[in-house]
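Chain and residue survey
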Amino acid sequence: MQLSSVEFLLFVALSVVAFRLAPRRWRPDVLLVASYIFYCTWNPGMAVALLAITVICYYAALYIESSRGRPLAPRLTLVVVAALILYIVAFKARAMLYPGVSLAIPLGISYYTFRLISYLLDVYWGTVPAERSLVPFAAYVAFFPQMMAGPIERASSFLPQFEAEGNPWRGKTFEGATCILLGFFKKFVVADNLALIVDYGYRHLDSGSSLPNILSFYLYPLQLYADFSGLADIALGIGLLFGLKGPENFNAPFSASSISEYWRRWHMTLTSWLRDYVFMPLRMATRHWGTAGLVVSVVANMMLIALWHGFTLGFIVFGLVNATFLVVDVLTSTRRQKFWRRHPGLLTAGTVVGMLATYHIVSLSETFFRAPSFADAAHLLDGLAAGFGDLGGAFAAVTAPPNHHAWVALPAYVLTEIADAVRRKKGMSLPAGIPRWVQWSAVTCVAVACVFMSLLFLARQTGTNPFVYANF
Amino acid sequence: MRIFKDLISVATVAVLFVALLEGGMRLAGVRYEYSFFESDPVIYTTYRPNADGWEVKEGENRVRINSLGMRDRERTIVPAAGTTRIALLGDSLVAATQVPLEKTMAQVLERTLNNSLGQAGQSFEVLNFAQGGSTLAQQYLMLRNRVWDFEPQIVMVFVSPISVPTCSRRLDTVAAPKPFYLIRDGRLVPDPRSHAPASASEEVRRRNGKLKNLMNQFRLLLLLRQAIGEGVEKIEKLESEIGAIAKGASAEAETDDDERYVYPVDIWFRPHASAEVEQAWQVAEGLLGRIAEEARQHGAELWLASIGTEVQENPDVAERTAYLAAHGYQEIAYSEGRFEVLARRESIPYLGMSHRMLDYAERNRVSVRGFFNTGPNRGHWNEVGNAAAAGIVIDELLERSAVIRRARIKSLQAHRNIPDR
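Residues numbered from 1 in each chain as written. Chains lettered and ligands numbered in written order. Predicted model: local features only at pLDDT ≥ 70, side-chain atom pairs only at ≥ 80, totals over all residues.

Looking at the overall build of chain B
Note the following rule: Every helix listed is a DSSP run of H or I at least four residues long, and every strand listed is a run of E at least two residues long, numbered separately from the N terminus. We compute the radius of gyration over the C-alpha atoms and compare it with the globule rule, which gives 2.2 Å times the number of residues raised to the power 0.38. Contact between residues is assigned whenever the C-beta positions, reconstructed from backbone atoms, fall within 7 Å.
Looking only at helices and strands, chain B features 14 helices and 13 strands. Its C-alpha atoms give chain B a radius of gyration of 24 Å, within 12% of the compact-globule value 22 Å for 421 residues. Principal-axis analysis of the C-alpha atoms gives chain B an extent of 90 × 55 × 45 Å. In chain B, once contacts between residues fewer than 6 apart in sequence are set aside, the share between residues at least 24 apart is 70%.

Describing the pairing of strand 6 (residues 123-128) of chain B
All names here are of chain B. Condition: Exposure classes come from backbone-placed C-beta atoms, where a residue is buried if 20 or more other C-beta atoms lie within 10 Å of its own, exposed if 12 or fewer do, and partly exposed in between. When DSSP finds two or more bridges between a pair of strands, those strands are recorded as paired.
The buried fraction of strand 6 is high, at five of six residues. Across six bridges, strand 5 (residues 83-89) lies against strand 6 in parallel orientation. Of the residues in strand 6, the one forming a bridge with A87 is L127.

Focus: the environment of V94 of chain B
Residues and elements named next belong to chain B. Considering the arrangement of structural elements, one finds V94 in helix 2 (residues 92-95). Of the residues examined, V94 has 29 C-beta atoms within 10 Å and is grouped as buried. Spatially, the C-alpha atom of V94 lies 15 Å from that of L143, the residues being 49 residues apart in sequence. Look past the residues within four positions of V94 in its chain and what remains in contact with it is L88, M105, N128, A130 and F158.

Description of the domain arrangement of chain A
All names here are of chain A. To keep it simple, the criterion reads: Boundary definitions for the domains trace back to an automatic or database domain assignment. Amino acids are sorted into nonpolar (Ala, Val, Leu, Ile, Met, Phe, Trp, Tyr, Cys and Pro), charged (Asp, Glu, Lys and Arg) and polar (every other residue, Gly among them).
Under the domain assignment used here, chain A contains domain 1 (1-166) and domain 2 (181-416). The distance between the C-alpha centroids of domain 1 and domain 2 comes to 28 Å. Counting residues at the interface gives 26 residues for domain 1, matched by 23 residues for domain 2. For the side of domain 1 that touches domain 2, the secondary structure elements donating two or more residues are helix 1 (6-21), helix 4 (72-97), helix 5 (109-125) and helix 7 (155-158). With five residues, helix 5 is the largest single contributor of residues to the side of domain 1 that touches domain 2. Split by residue class, the side of domain 1 that touches domain 2 holds 17 nonpolar, seven polar and two charged.

Considerations on the interface of chain B and chain A
Between chain B and chain A, the contact holds 21 residues from the first and 19 residues from the second. Elements with a contribution of two residues or more to the side of chain B that touches chain A: helix 1 (2-27) and helix 6 (219-247) of chain B. In terms of residues, the side of chain B that touches chain A owes the most to one element, helix 1 of chain B, which gives nine residues. Residues belonging to the side of chain B that touches chain A are distributed by class as follows: 13 nonpolar, five polar and three charged.

What about helix 1 of chain B?
Residues and elements named next belong to chain B. Selection criterion: The span you would expect from a helix comes to 1.5 Å times its residue count less one.
Spanning 26 residues, helix 1 covers 37 Å between terminal C-alpha atoms, matching the ideal 38 Å at 1.5 Å per step. With one of 26 residues buried, helix 1 lies mostly on the surface of the structure. Looking one or two residues past helix 1, G29 carries a phi angle of roughly 70 degrees, positive in sign.

Remarks on the sheet that holds strand 7 (residues 154-159) of chain B
One key point about sheets: their strands pair by backbone hydrogen bonds, in either a parallel or an antiparallel sense. Residue and element names in this part refer to chain B. What counts is decided by this rule: Here the axes come from fitting lines to C-alpha atoms, over the contacting stretch only for helices, and the angles between their N-to-C directions go from 0 to 180 degrees.
As summarised here, the arrangement of the five strands in space is 6-5-7-10-11, forming an open sheet in which the pairing is parallel. Every other strand in the sheet has two partners, leaving strand 6 and strand 11 (350-352) as the edge strands with one partner each. Mean inter-strand twist for the sheet, computed between neighbouring axes without regard to direction, equals 20 degrees. Sheet strands in contact with helix 3 (residues 105-117) are strand 5 and strand 6, and its direction is about 170 degrees off that of strand 6.

Notes on the nonpolar core
Condition: Each nonpolar core comprises buried Ala, Val, Leu, Ile, Met, Phe, Trp, Tyr and Cys residues, the members being joined through C-beta atoms within 7 Å.
Membership of the largest hydrophobic core comes to 220 residues, with the highest contact counts inside it found for L120 of chain A together with L88, L89 and V155 of chain B. Broken down by element, the residue count for this core peaks at 18 residues, all from helix 9 (residues 169-203) of chain A. Mapping this core onto the domain boundaries places at least three of its residues in each of domain 1 (1-166) and domain 2 (181-416) of chain A. If we skip the residues at most four places from it in the chain, L88 of chain B touches V94, A106, V126, L127, N128, F129, A130, M156 and F158 of chain B.

Details of the environment of L181 of chain A
All names here are of chain A. One can find L181 in helix 9. C-beta crowding within 10 Å serves as the criterion here: with 21 such atoms nearby, L181 is assigned to the buried category. Measuring from C-alpha to C-alpha, the distance between L181 and G237 comes to 8.5 Å, with 56 residues separating the pair along the chain. Once you skip the residues sitting within four places of it in the chain, L181 turns out to touch V446, A449, C450 and M453.

Let's talk about unusual backbone geometry
Residues P401 of chain A and P402 of chain A are joined by a peptide bond in cis, for which omega reads 10 degrees. Within the fold, P402 of chain A resides in the loop between helix 17 (391-398) and helix 18 (409-426). Positive phi values are uncommon outside glycine, yet A252 of chain A reaches one of about 45 degrees. Mapped onto the secondary structure, A252 of chain A falls in the loop between helix 10 (211-241) and helix 11 (259-265). The class for A252 of chain A is partly exposed, based on 13 C-beta atoms found within 10 Å. In this structure, S347 of chain B takes a positive phi of about 60 degrees despite not being glycine. Among the secondary structure elements, S347 of chain B is positioned in the loop between helix 11 (334-345) and strand 11. Residue classification places S347 of chain B among the exposed positions, given that 9 C-beta atoms sit within 10 Å.

Regarding the confidence of the model for chain B
All names here are of chain B. Rules: For every residue, the pLDDT score states the predictor's confidence, bounded by 0 at the bottom and 100 at the top.
Looking at chain B, pLDDT values average 88 and 95% of them are 70 or higher. When mean pLDDT is taken per element in chain B, strand 7 scores highest with 97 and helix 7 (residues 251-262) scores lowest with 43. Ignoring residues within four places in sequence, the model shows residues 251-262, a span with pLDDT below 50, making 10 contacts including any to other chains. Confidence estimates for the predicted assembly give a pTM of 0.83 and an ipTM of 0.79.

Description of the pairing of strand 1 (residues 37-40) of chain B
All names here are of chain B. In the sheet, strand 1 pairs with strand 2 (residues 44-47) via four bridges, with the strands oriented antiparallel. Within strand 2, the residue paired with D40 across the bridge is Y44. In textbook terms, the turn of a hairpin is the stretch between consecutive antiparallel strands, and for strand 1 and strand 2 this stretch comprises three residues.

Spelled out as structure tokens, the structure:
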């Protein structure tokens, strides 16, 4: 089932209605059934695998909890976590070993295995109790809005929401619908239009002008962000329709003035997951090594982020570029802070320069993320300094069909940034105490926009670009 | 009272929001299929006079239909003295709504003829009566009921791969109302199941036309129209799938079989043992015979030209060969050969265009079909294809048309200052 289809919207609507009408104790069951129906429309065989893994982890967690303090608990944790890692690595490595062969990789494998690993480790460490009931646990693992692109939500924040009292349906429905609309806007207006320009650049690396290379280099991070955050917004929005609030995955990443700050703002659920389950344990284990230990932890953490996307040379270089700059950032952090304390007047200028430098680092690393091959990435970077030659001709070529309408993505991107800023500051729900006509106007606009979106999906005759992060 | 005020406020905001969506769609360049057609009591569906909109499926082109319902510039019904008129009949390939009017085959043809043979007291007009989706039956009715009013000296009928399947109610895949004919006792007769749309008064037609033109001005309304169309199609597909499952048959297998059977390219490339296809061919030949008879009665020179499929004009040898091999096509000139035999039988000049178009594409290393949103060598003729087609037609007319020969002699005489006897 395609995310941007009327079928999917109808499926969501029906699931939400069934969920809301069901008595509270049956809601996890409804959600579980809906999630597995969604998963089966993609690949029934993989749904069986998901169910099997879920059941194994459920019982393993119960056993780990009951045998805490005994030697069996760490051994069992280690075995199950290792098996989960092997499971994800096997699928990702298979894709790398047979690049030309179309192999089915379980939908959302990167997301649900990480959810299960964190759950097992949390149970082992005693930070969360093992879930007693299989159905809510299975619904957490298979929660369909988060299957496509996360976020990687922890059991400790998801499961208690089933038990939460009250019925904040109206507020959350408005907020959810708004998030979904914003997500689709990011995808179809911003990301897909930017993709046209970026793809044009990659198709014209030898045009003799730097313009296509420059456009691809600078616009790809915006495209990726709009695409990924759009998908995250849709997942968040659908979750809210069920009354389940998921974690935010982004926090204005391009406002970061250093690469380490950028990684604290980008794909936050993955980076916080790795911080808690990889970086911190590793840092503790290497704390006696001093700076070398820090460097090892940073590099290992970053390389895991890179390899989480897949085992390709492009992702490895993406990881290495980021790791290099992260190490430089971490090692110079104290000195830079001292410098800013001594020169507070330069702080604003320094922040702006930091933002620009960070954006360039991100663009550089994501060139390897996007390029079809390492050679293409090198080619694009090489072409950045090729000169502009016939700038008028190059500009006319890049603005010719099919790119002629694509430039609307840039003002649209600014709008999404404004919407996100408002959301971060005030949320998407209707503030209390506003006049009734404003409330109803807002609801009407969202309803009209939802109908509009459905019509767009229905009228579309050709397929759309898939979401980039739906591949992971 | 307060509720009333609230309602007005909400309605105002909703209207403003809809206007904002309309503006957003315009800004983003979102366009949907425009409406250019209207019902006609004789031809069933024709271009709507003065229809104005955009072709967006292939390329992106502003289309204006003239006041006489033609994809053409404004024309007078009665020709000016000394004007030689050529009427073109065909489907969307000749109507060429995908390219600007001045770059259509008809316009290029007219310009070239006037530039090479035109002089004081002698001019050429190429009238484009072709319409998107027009069938041979509609072209015949168009010729009989409209074209002769314009007094053309030459009529060119362009057949294409849809010409034969659309002669059969069963093989035709497009749901739009259209006339069908049958062969009964060796004679071509109208299919009694065909029911022409009711005749509307001029006032109603004008009002409907205005409404449709107004609809063409709003992207949201076009979106709504397309969404409803697509939605109905999806529901019908779902119904047929459910029906097939209920019958215990595989819906997929049934669809595949149907597609193989009606596939226009398949019918175009090879003879079919199927009675349905053979009947369609007989109807097509019968209609062309009627068209030839009409031309004879009106003393016009009739030409039959056949336009091939996209693969026949694809200059990429590897792609072409792979396609033909994949579908098992060995000999691909079946339809063109059959049309040529028919033309010989009716004593009318025949022009097979596909190999000439391919030759042009290969020689100049260009794609004669395809647009930015279709990819190369896909769909209809692009500007290059229209220009190439015009060139091919001109060459043939100059060489073989008696009407053009006379005009040429006249032109030569004028150039040499020889008084006309």
